Each structure stands twice: as structure tokens, then as C-alpha cells.
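What the coordinates show
In case you want the letters, here they are:
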Amino acid sequence: MFRITHEILDTAKYLNLARSNMVAAWPQSYYRRELIQLKFFHKRMFVMNRPEDIQHVMVANASNYRKSLANRQSLKPLLGKGVFVSEGKLWERQRKIMSPANHKKRLKGYAETMMDAASEVADDWEGNRIGGEVDLMEEMTLLTSDIITRTMFGVVLGEGNEALYQAFQDYLASHGRIHISELIGLPSWIPRPGQAMGRSAVRQFDDVIAGVIEERHNQDEPKDDLLQMLVDFREESGEPMTGQLLRDEVASIYLAGHETTAITLTWAFYLLHEHPDIKQRLWDELASTLCGRDPTYEDLPNLPLTRAIVDETLRLYPPVHVFSRQALGDDEISGIRVPKGSFMTISSWVLHRHKLHWEDPNRFDPDRFLPDRFKQVKSFAYIPFGAGPRICMGKHFGLVEATLLLALFAQRFELKLRSEHPVEPLGRMTLRPHQGMPMNVLQHER
Ligand code: HEM
């Protein structure tokens, strides 16, 4: 009895804290326990940390679970019925239409575009920013935004890129918090604070996206990119995809395809700043593999430590830090009944720092991901890209991008955090540094 009351209080406290910062709110005991069962009002909530249970819910019995309101509600005004939030037949069809754009054979071409866009920024830093300060989160977001629109939609947005960035910041300010009502499954018609504020951000966002789509419709020559796959799609009746759905998919790919990589790079440079020994090893690897030139796709196999730093950053600071699913029918995990309607929560933040799955879990140790130690990483204890049918569509794109951009910027610059700047991971829609990441830019001799 005492334990139950205690847990309800713990949960209530958690839900309240979670609204402002989810990752700071998880109780310490969760980093040791494998399955936490909570009852909140009429709904059951499970917080899962056992790899076998995660595999069951996300892969083996994935058809019994859908993304829950907490995942969908805050993104719906921006993404509508796009692939990140849709379900069932529509999701299946749309994912299939877009999948060829993420085929591995396209990565080399994407890598060239990534390096073109990144070297423009790095050249600008070399010319104008040495000795000055940048907000790394903002710089990386603008860069990855430029990369996703160039690669997937065939456009260089210029000022439109800044407009999209600003619109998304405004949207995050109004919709970025996960609401308690969503975690416990209240219906979507219940008004939530901040909903109205985000509308103008959505309008700004829509203006830029509408321009991208219109430009494509006016082009004589078809292009070979994701946008063309969406534009060329025909229903059995011969009808094209509706304008609304086309807009929703462009918005979804734009959003899913840039912020997460920018966050990864920002945390990676923060971790390197805090660990000069690893930074020196990275510089040694870059010097011996690249000898001062910018990296290319072909260099990737020879940059194992650079890649391991990306993997370890994704462990400690997973940009998508929480997954929430809802059971469509009764199920069972580890011998425990999961009634229909239950909420299944996986915090990759907790899972990736769980005491039973990781040695010295809070230590930044990229060597865990080097080939000889990688075998020890338990499957489903590490899920920065999710798992199962809804695994990230851009996993390989994101890994190539993060590794090459890290190599390029680390080789040319030394980034020093503004002294006494408080760095706090803020777990809302994604896991960003609260108050940005102000870094002083110094030239690094290559
Ligand atoms: C380091 C970079 C990235 C990380 C950490 C990341 C992480 C994730 C995660 C965890 C999910 C699954 C969410 C869930 O199951 O609830 C996801 C889904 C998705 N990601 Fe990524 N992502 C990254 C980069 C990208 C890129 C570059 C693209 C596009 C080129 C992309 C496109 C998508 C899409 C479309 C989905 C939805 C898939 C579906 O629901 O079927 N992501 N991502």
C-alpha cells in the first residue's frame, strides 16, 4: 500500500516536473529498475528499460502499438498527417513512396552536397568569426536545414532558410512542452496552453514550404530527389497526392531531417570541450587520415574514432529522448499483463544511462563504440534512431552527415565554451541545450 501511494506521488511529481524538463524529472530509481508500472487515473503506464521488452513493443509485436498522443499532439499542427505522425495504411504507403530517397546508394551524392554546404559555413567562420562567438546550436541548425533542403528538395533556400529556422523556434516556444494531459491520454479537443501562439509560426513555415513546392511544379525537367518522388506519385485512380498531404510530407522530412543532427553535433562539440584528451585523439585521427583536406564519403571507414564520438554522443544525449506508444489490444511483457490502452514509455535518456546495461554509464567513453568493444553493447539498450517498422528513415543519412560535419569543423576549428555558461540538457520535444551553446571560435592548425 505504502509503495503504491509512494509511486502515485512520485508519478504526479514526475509529470509536473516533466512539463518543464523531462530528462531532469526521471526518478533516480528508474536508472536501476527494468520495468516500472504506474497507474494514473484509469490508464496504466509502463516505463520500460528491459531490452527484451523494448524489442517486443517496438519490433516483434509492433502492430499492436501506435504512437501515442504525447508523440503526435505537439507536432500535429506543424506536420498534419505527415509520415512522422501518421498511422496505418496511410503511413505505410507514404513511407514506401519516400524510402528510395534514403537508399544507401544515394549517400555518396548526399555527402558531396553536405560538404559543399558545410565548407561554405566553415569558410565564412575562417573569414569572419575567428576570435568571435557563435551559438553552435543555431549555426548547426541553419546548416543542417540548408543540407536537408538541398538534398531532399533540390533547393538552396537562402533567406528562406532563416525564415524556416525562426518559424520553428517560435513553434518550439509555444508547442515544445509535452503536456501532462497528453501523457495520460486526454483527448485532443481539450484546449492546451500555447496552442494559439504557434499558429503564426505554422503560417510562416507554410509560406516557405509552399514556395518550394510551387517552384517544383513550375519546373520543366523532373529532378531525382525525394520531392520528385512525392510529386510523381499517382493513386490507382491516376490522381496525384493532395496538396495538403504533399505539404505535410515536405514539412515532416524537413523537420525530422535536420534538427536531430544539429543537436547531435552541438552535444558532440560540448563533450569534446569537456574532454580534451578525446579531442586530441580526434585531431590525431583527422590529421593522419585527412592530412588537412576536407573529408569525403570515402574517408568514413578511416575515421573510426570520429564515428564513435557521434555514437557515444547519441548515447549520452539522444536528440529523440522519449518514445511513447499506446497498446491497441491486450498484450504481455515479461509475464505482466498489458491491458489495451496502456501507455508504453521508453526514455532513451534513461535507457542509455541505465546501470544494468552500461559500465560507468555517465562517462563519455567513445571507445565503447570502436569495433572491438562494440560487441558488448546490448541490442535494444541503445536506440538513438528508434527500432522496428518506425525506425528513423534517415538513420544512415544522419550518421554520415554528423560524422563528416564533425570531422570538417573539428579539423578546422577549436571551439571553446563561453566561460561559466551553464549547460543544461532540456528534454522537451527534443533534447536541446537550455540557453544554447555559445562557443568561441579559434582557428585550429591543420
Ligand atoms: C542524428 C540524426 C537523427 C536522429 C537521432 C533521428 C532519430 C529518429 C528517431 C528516434 C525516430 C523514431 C521516432 C519514434 O519511433 O517515435 C526517427 C524517425 C524519423 N526520422 Fe530520424 N533521426 C535523425 C535524422 C534523420 C534524418 C537526416 C532524416 C531524413 C533524411 C530523418 C527522418 C525521419 C523520419 C521521416 C522519421 C519517421 C519515420 C516513421 O515514423 O516511419 N531522421 N528519427
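Refer to the structure presented above.
Conventions we followed
- Along each chain, residues carry numbers from 1 onward, in the same order as the chain's sequence is written.
- Only residues with pLDDT of at least 70 get local features here, since the model is predicted, and only at 80 or more are side-chain atom pairs given and counted; chain-wide, interface and lining totals rely on the full set of residues.
- As a rule here, side-chain values come from all non-hydrogen atoms in the structure, and water together with hydrogens is ignored.
- A pair of strands is considered paired only if DSSP assigns at least 2 bridges between the two.
- Under the scheme used here, helices are H or I runs from DSSP no shorter than 4 residues and strands are E runs no shorter than 2 residues, and both carry numbers assigned from the N terminus.
- Near is defined per residue: the residue qualifies when any heavy atom it owns lies within 4 Å of the molecule or strand.
- The definition of a polar contact used here is a pair of N or O atoms within 3.5 Å, where within protein one atom must be able to donate a hydrogen and the other to accept one, and adjacent residues in sequence count solely through side-chain atom pairs.
- Each residue is assigned to one class: nonpolar for Ala, Val, Leu, Ile, Met, Phe, Trp, Tyr, Cys and Pro, charged for Asp, Glu, Lys and Arg, and polar for all the others, Gly among them.
- All axes are obtained by fitting lines to C-alpha atoms, using only the stretch in contact for helices, and the reported angles, taken between N-to-C directions, cover 0 to 180 degrees.
- Every case where a carboxyl oxygen of Asp or Glu lies within 4 Å of a side-chain nitrogen of Lys or Arg is listed as a salt bridge.
- Residue exposure (1.4 Å probe, protein chains only): buried if accessible area is under 20% of the type maximum, exposed if over 50%, otherwise partly exposed.

With that out of the way, let us pick up the pairing of strand β10 (residues 424-427). Relative to strand β11 (residues 431-434), β10 runs antiparallel, the two sharing four bridges. Note that in β11 the partner of E424 across the bridge is H434. Linking β10 to β11, which pair antiparallel, is a turn of three residues.

A few words on the site of the ligand. As a structural note, the neighbourhood of the ligand is formed by 27 residues, with W91, R95, R325, R390 and C392 the closest of them. Between the ligand and W91 there is a distance of 2.7 Å, counted from an oxygen atom to a side-chain nitrogen or oxygen. For the shell around the ligand, the secondary-structure elements that each account for two or more residues are α6 (88-98), α8 (136-153), α13 (243-256), α14 (259-274) and β5 (322-327). The greatest single-element share of the shell around the ligand, amounting to three residues, is contributed by α14. Among the residues making up the shell around the ligand, the classes are represented as 16 nonpolar, seven polar and four charged.

It is worth spelling out the sheet that holds strand β9 (residues 413-417) at this point. Spatially, β4-β12-β9 is the arrangement adopted by the three strands of the open sheet, whose pairing is antiparallel. Each edge of the open sheet carries a strand with a single partner, namely β4 (133-135) and β9. Across the sheet, the mean angle separating the axes of adjacent strands is 40° when strand polarity is ignored. Bridge count between β9 and strand β12 (residues 438-443): five bridges; the pairing is antiparallel. Directly across from L415, in β12, lies its bridge partner V441.

Quick look at the pattern of salt bridges now. The final tally for this structure, using the stated rule, is 28 salt bridges. A salt bridge links D224 to R106; the nearest nitrogen and oxygen atoms lie 3.0 Å apart. On the criterion of sequence distance, the pair formed by D224 in the loop between α11 (198-217) and α12 (226-232) and R106 in the loop between α6 and α7 (107-128) is long-range, its members being 118 residues apart. R412 is the partner of D123 in a salt bridge, and the nearest nitrogen-oxygen pair spans 2.8 Å. Remark: R412 occurs in helix α19 (residues 395-412) and D123 occurs in helix α7; sequence separation between them is 289 residues. Given the relative accessible area of 41%, D123 is considered partly exposed. On the basis of relative accessibility, which here comes to 3%, the residue R412 falls in the buried class.

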